[in-house]
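So the chains spell out like this:
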Amino acid sequence: MPHKTVKVTIHPREVELPHDLAQALHSDKQRMKKWQSLSYTNRRGMDVLLSAVTLIVFIRREGSRRKLRLLWLPIGASCLIGVSCGLPLFLYLRERQLASQSVQ
């Protein structure tokens, strides 16, 4: 008895997968949807979003108060990479300016 196969389009060509593998991939998609629907992941996402927004507000206020240049750099890093990159970068830029002002 031949194995059942399912045709799957993977760009740019079509591939035939064994039926069991196709079912496994489908069940993984369902498992991922269930995982994303959990309230914990929603709270975690809101936590990350709130942290990023708070950091951006802090960067803009502190940066304008101290007349820092290159504020787009830590804001972009916060949006593209995360708060763990944006905050240290901003603090480095701020300390670099403070050190140059104390030397003068």
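Since the structure is predicted, the reported quantities are computational estimates derived from the model, not experimental observations.

Asks: Could you give an account of the side chain of Arg94, naming the residues involved and the relevant values?
Replies: Tracing the backbone through its elements, the reader meets Arg94 in helix H4 (residues 83–103). For Arg94, a relative accessible area of 17% translates into the label buried. Of the polar contacts made by the side chain of Arg94, one reaches the side chain of Glu62; its length is 3.2 Å. Excluding residues that lie within four positions of it along the chain, Arg94 makes contacts with Phe58, Glu62, Arg66 and Leu68.

Asks: Go over H4 with me, naming the residues and quoting the values.
Replies: Relative to the 30 Å expected for 21 residues at 1.5 Å per residue, H4 spans 30 Å between its end C-alpha atoms, a close match to the ideal helical length. Three or more residues of H4 are buried, namely Gly86, Phe90, Leu93, Arg94 and Gln97. In an axial view of H4, the angular spread of the buried residues amounts to 95°, which keeps them on one side of the axis. Exposed side of H4, more than 90 degrees from the buried face: Ser84, Ser102 and Val103 are the residues found there.

Asks: Describe helix H3 (residues 72–80), listing the residues and the values that go with them.
Replies: Burial in H3 covers these residues: Pro74, Ile75, Ala77 and Ser78. Buried residues of H3, seen end-on, are gathered within an arc of 160° and therefore sit on one face of the element. Opposite the buried face of H3, at more than 90 degrees from it, the exposed residues are Trp72, Cys79 and Leu80. Gly82 sits one or two residues past H3 and shows a positive phi near 150°.

Asks: Provide a residue-level description of unusual backbone geometry, including the pertinent values.
Replies: A positive phi is found at Lys67, a non-glycine position, where the angle reads about 55°. Look at Leu70: it is not a glycine, yet its phi comes out positive at around 60°. Relative to the elements of secondary structure, Leu70 occurs in the loop between helix H2 (39–66) and H3. With relative accessibility at 36%, the residue Leu70 sits in the partly exposed group.

Asks: Talk me through the environment of Ile59; I want residue IDs and the actual numbers.
Replies: For Ile59, the location among the structural elements is in helix H2. For Ile59, a relative accessible area of 0% corresponds to the buried category. A sequence separation of 13 residues divides Ile59 from Trp72, and the C-alpha atoms of the two residues are 9.4 Å apart. Every residue in contact with Ile59, bar those within four places of it in the chain, is listed here: Ser64, Leu71, Pro74, Ile75, Ser78 and Phe90.

Asks: Describe the packing of H3 against H4, naming the residues involved and giving the relevant values.
Replies: The geometry of H3 relative to H4 is characterised by a closest axis approach of 7 Å and an angle of 165° between their N-to-C directions. When the interaxial angle is binned, H3 and H4 end up roughly antiparallel. Once H3 is placed against H4, the crossing between them reads as right-handed. Only Val83, Cys85, Gly86, Leu89, Phe90 and Leu93 of H4 make contact with H3, whose side of the interface consists of Leu73, Pro74, Ala77 and Ser78. Considered class by class, the residues forming the contact of H3 with H4 number eight nonpolar, two polar and no charged.

The rules we used
Residues numbered from 1 in each chain as written. Predicted model: local features only at pLDDT ≥ 70, side-chain atom pairs only at ≥ 80, totals over all residues. Heavy atoms only, no water. Helix = DSSP H or I, 4+ residues; strand = E, 2+ residues; numbered from the N terminus. Buried < 20%, exposed > 50% of the residue type's maximum accessible area, 1.4 Å probe, protein only. Polar contact = N/O pair within 3.5 Å; in protein donor to acceptor, adjacent residues only side chain to side chain. Contact = heavy atoms within 4.5 Å. Expected span 1.5 Å × (residues − 1). Arc of directions from axis to C-beta. Axes fitted to C-alpha atoms, helices over the stretch in contact; angles between N-to-C directions. Parallel < 35°, antiparallel > 145°, perpendicular 65-115°, else oblique. Left-handed = near helix turned anticlockwise from the far one by under 90°. Nonpolar A, V, L, I, M, F, W, Y, C, P; charged D, E, K, R; others polar.

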